[in-house]
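The lines below spell out each chain.
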Amino acid sequence: MACGGCDYWEVDVYPIAVRVSRVSWLRRLAPYALLTLVLFLLPSQLSAQTDAREIVDRVDRLLRGRSSRGTMRMDVVTAHWSRSMQMRIWSLGTEYALIRLLAPPKDAGTATLKSGEDMWNYLPRVDRTIKLPASLMGASWMGSHFTNDDLVKESRIIEDYDIEIGYEGARNGVEVWEFVLTPKPEAAVVWGRIEEQVRQGDLMPVWARYYDDRGELARSITFEDFRSMGGRLVPARMVIRPADKPTESTTITYLDLEFDIALDASFFSLRRLQSDRGSD
Amino acid sequence: MAARPWWRIGWRNLGRNRRRSLITIAALAVGYFSVVLLVGWWDGVVVEMINNGTGILSGQLQVHSAAYLPDRNVYETIGGPDGTDVTAIIAGVTADPAVEGAAPRVYGGGLVSFGNATTAAAFLGIDPELEPRVSRLMDALSSGRPPARGTNEILVGVEMARILGVEPGAEVVVVAPAVDGSLGNDLFVVSGVFTSGLADLDRTFALLPIDALQALMVLDPGRVHEIAAAVPDPWDAPAAATRLHSALGATDGALAVESWTDLRPELVEYAQLSQSFQWVLLVIVFGMAIFGVANTMLMATFERRHEFALLLALGAAPRGIVWSVVVEAIALGAIGLLVGAAVTGPVLVWWHNAPPDLSWLVGDFTMAGALVRPVLRVEYPWSMAVQSALALFATAALAALYPAMRAARVPPADTLSGR
């Protein structure tokens, strides 16, 4: 939906205006009444949209900070193998991120750099950097259930989706919002719809569900183990489960996190991707 | 009156108007020649299409783990995670009398990168010695040579080479997710570039030595996805698949043996469609010939109505007259067939062995997803040659029946008195 307020014009305001105009003594007042009505209704509708957007944005920024640095473990379980990776991450805003594998030893040094819409992988074994083509954005990142797109496009959720509050109230005794994110018509996104539950009290996300174009659940993410890290309350563990493979999952556990550290855009360079000297 | 004189009368009548007889014979001969040659050409196109559709890459017969197709799941190797004795299976497949050769294959997917260019690729791990017995992809090199076993070499399609900007000798990065979850990556040297003419192959396929791809994907040497086999006569492949199914002990459901007719059903449908088209052609050509022959015979019998009237007046049976005319037509057919076969045979042999190549005129084209060269190679259409011969006789006899019956009903007295 491109214009949140437009629906009100067409559905509600018009019948009222017609009713008003039938009453002759109100006729002169009608324009003012309409104007008042519009002024009253339109902003409230806009603000519902803005509020939802603002909350989702705040949740997003809360977890990310202006900049961040941390260590995380990623445990991937598939039908054929399980592996655990440890990695160091740096991020600046939503535009820049650098992720470097620390373990297992075979993959240590492998790194991913995200800069805007672009993504590079550094492969220490062959000492080469590869820029990922657009056609591979939907492919798995490091064998996990995250896609390359998740890393690149995550930042654009606020811009690419219309956000509405689908439910507001108590779930299991906790006051929550449930947001429904629908892609804007012009947005080039992979999901048909995203639903996200956020606790009202501390703005902590509880789960997110991703639906495909046909409206079928494709995957879900649950957020767990809320604790204070780097001075903020964050979900220290995220579990992603593909809907079509119920036995598989990817779990990300933050081991340490710092926020709002001194980092600037020049840190996220191809040179840094290839060499971790001085990057801590 | 016995039948013998009617035969002689029918035969001798051919010589009465030789020009007309020759023209009719020529019409039948050309009809026969056209049908047999067109069908031979069309069979040639279908065989070319099947050979290209199966011979460039897939082979006419394949052995997989039963769970491998259609998703081509990289974990589903023959014999499961423990692999199998690849040499034994290849020996088993090659032992079948219809199979000419067999080769093991490993499939993977990933990236090929050179400089700033990166492209997604489908990797095919092949045994450089065995593979040429099954597929022709490695024959279609536009530069360089096939990858050698035991080396990190890669053979890429011409379009991929263009996208990456590589030539033989270039060092590229190959990245492929391994079956242990790690990201296999290594440097490979481009050994050559192939041009298959099929856009998908030329853009996305890259051939690596099977051992190199197995190492990249952390697959043991005993783990392969496919054994592909060549069956020189593609129509023998389904029966060979059935034989191998029991010979390889695939009855427990772990192995799948499939012929190209299972893997490429659209090619089978196309072949069947073209066979029904052959019948349409036969009916049209001889349908036209019927009227030509009937016209000749009507003229001939009209001219001879005095003779028929005299014979009838002398007590000849009308059945005999019918017989003489039909015999004449069958004799026409026989000569037409002899002439037709005498012309068709050498042309078939010629164009089977040295087909006219029209590539200079129209270039290569693809049909049902298979590359077809516009080479007018004919296959020997044995069954159609026999069917056409029968159709030719039926045409001649049917076309003579009406004029013969009219001749037998000539009123003797009126005709002889000139009324």
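Residues numbered from 1 in each chain as written. Chains lettered and ligands numbered in written order. Predicted model: local features only at pLDDT ≥ 70, side-chain atom pairs only at ≥ 80, totals over all residues. Heavy atoms only, no water.

## A closer look at the overall build of chain A
Selection rule: Put simply, DSSP H or I for four residues or longer makes a helix, DSSP E for two residues or longer makes a strand, and each gets a number counted from the N terminus. Here, residues are in contact when the closest pair of their heavy atoms is within 4.5 Å. Note on areas: Shrake-Rupley, 1.4 Å probe, and residue coverage restricted to the protein chains presented here.
If you tally the helices and strands in chain A, you get six helices and 13 strands. Intrachain contacts of chain A at a sequence separation of at least 6 include 45% that bridge at least 24 residues. Of the roughly 14,500 Å² that chain A leaves accessible, carbon and sulfur atoms contribute 54%.

## Comments concerning the nonpolar core
Selection criterion: Grouping buried Ala, Val, Leu, Ile, Met, Phe, Trp, Tyr and Cys residues that are joined through side-chain atoms within 4.5 Å yields what is termed a nonpolar core. The cut-offs for exposure are 20% and 50% of the maximum accessible area for each residue type, with area from a 1.4 Å probe on protein chains only; residues under the lower value are buried, those over the upper are exposed, and the others partly exposed.
Within the largest apolar cluster, 102 residues are counted, with the highest numbers of intra-cluster contacts made by F179(A), V93(B), F123(B), I154(B), V156(B) and I227(B). Counting 43 residues, the second-largest nonpolar core is a separate cluster that includes L28(B), F308(B), L337(B) and A385(B).

## Some remarks on the confidence of the model for chain A
All names here are of chain A. Inclusion rule: Residue-level confidence of the predictor, termed pLDDT, takes values from 0 up to 100.
Per-chain confidence: chain A averages 79 in pLDDT, with 78% of residues scoring 70 or above. Per-residue pLDDT stays below 50 along residues 1–27; that stretch engages in 21 contacts with residues further than four places along the chain or on separate chains. Across residues 37–47, where pLDDT falls below 50, the model places eleven contacts with residues more than four positions away in sequence or in other chains.

## Some remarks on the packing of aromatic side chains
Inclusion rule: In this scheme Phe, Tyr and Trp rings, the latter by its six-membered ring, pair at centre separations within 6.5 Å, and the angle between planes marks the pair as stacked below 30 degrees, edge-to-face above 60, and tilted otherwise.
Taken as a whole, this structure holds twelve aromatic pairs over all chains when the rule is applied. Ring plane angle 75 degrees and centroid distance 5.1 Å describe the contact between F267(A) and F268(A), whose orientation is recorded as edge-to-face. Both residues of the pair, F267(A) and F268(A), count as buried. Seen in terms of ring centroids, W235(B) and W260(B) are 5.2 Å apart; in terms of plane orientation they differ by 65 degrees. Their pairing is edge-to-face. Remark: W260(B) occurs in helix α8 (residues 260–263) and W235(B) occurs in the loop between β9 (226–230) and α7 (237–247); sequence separation between them is 25 residues.

## Looking at the interface of chain A and chain B
Our working rule: Buried area: the accessible area, evaluated with a 1.4 Å probe, that two parts lose upon being put together, summed over both parts. Basic side-chain nitrogens of Lys or Arg form a salt bridge, by our definition, when they fall within 4 Å of a carboxyl oxygen of Asp or Glu.
Contact with chain A, which involves 16 residues of that partner, is made by 18 residues of chain B. Overall, the association of chain A and chain B removes approximately 1,600 Å² of surface from exposure, summing both partners, and the carbon and sulfur fraction of that is 60%. When the buried surface of chain A facing chain B is broken down by residue, H80(A), W81(A) and I130(A) rank first, second and third, together holding 28% of it. In this structure, the connection of chain A to chain B is made through three salt bridges.

## Points about the side chain of S67(A)
Residues and elements named next belong to chain A. Note the threshold: N or O atoms within 3.5 Å of each other form a polar contact, as long as, within protein, one can give a hydrogen and the other can take it, and as long as residues adjacent in sequence are counted only when both atoms are side-chain atoms.
By the secondary structure assignment, S67 is in strand β1 (residues 67–77). Here I261 takes part through its backbone oxygen, which lies 2.7 Å from a polar atom of the side chain of S67. Filtering out sequence-adjacent residues up to four positions away, S67 remains in contact with S91, L92, E258, F259, D260, I261 and L263.

## A short note on a nonpolar patch on the surface
Here is the rule: Each patch is assembled from residues with relative accessible area greater than 30% and no salt bridge, linking like charges that lie within 9 Å and nonpolar side chains (Val, Leu, Ile, Met, Phe, Trp, Tyr) that lie within 5 Å.
A contiguous nonpolar surface patch, about 310 Å² in accessible area, is contributed by V280(B), I284(B) and M288(B). Among the structural elements, M288(B) can be located in helix α9 (residues 265–303).

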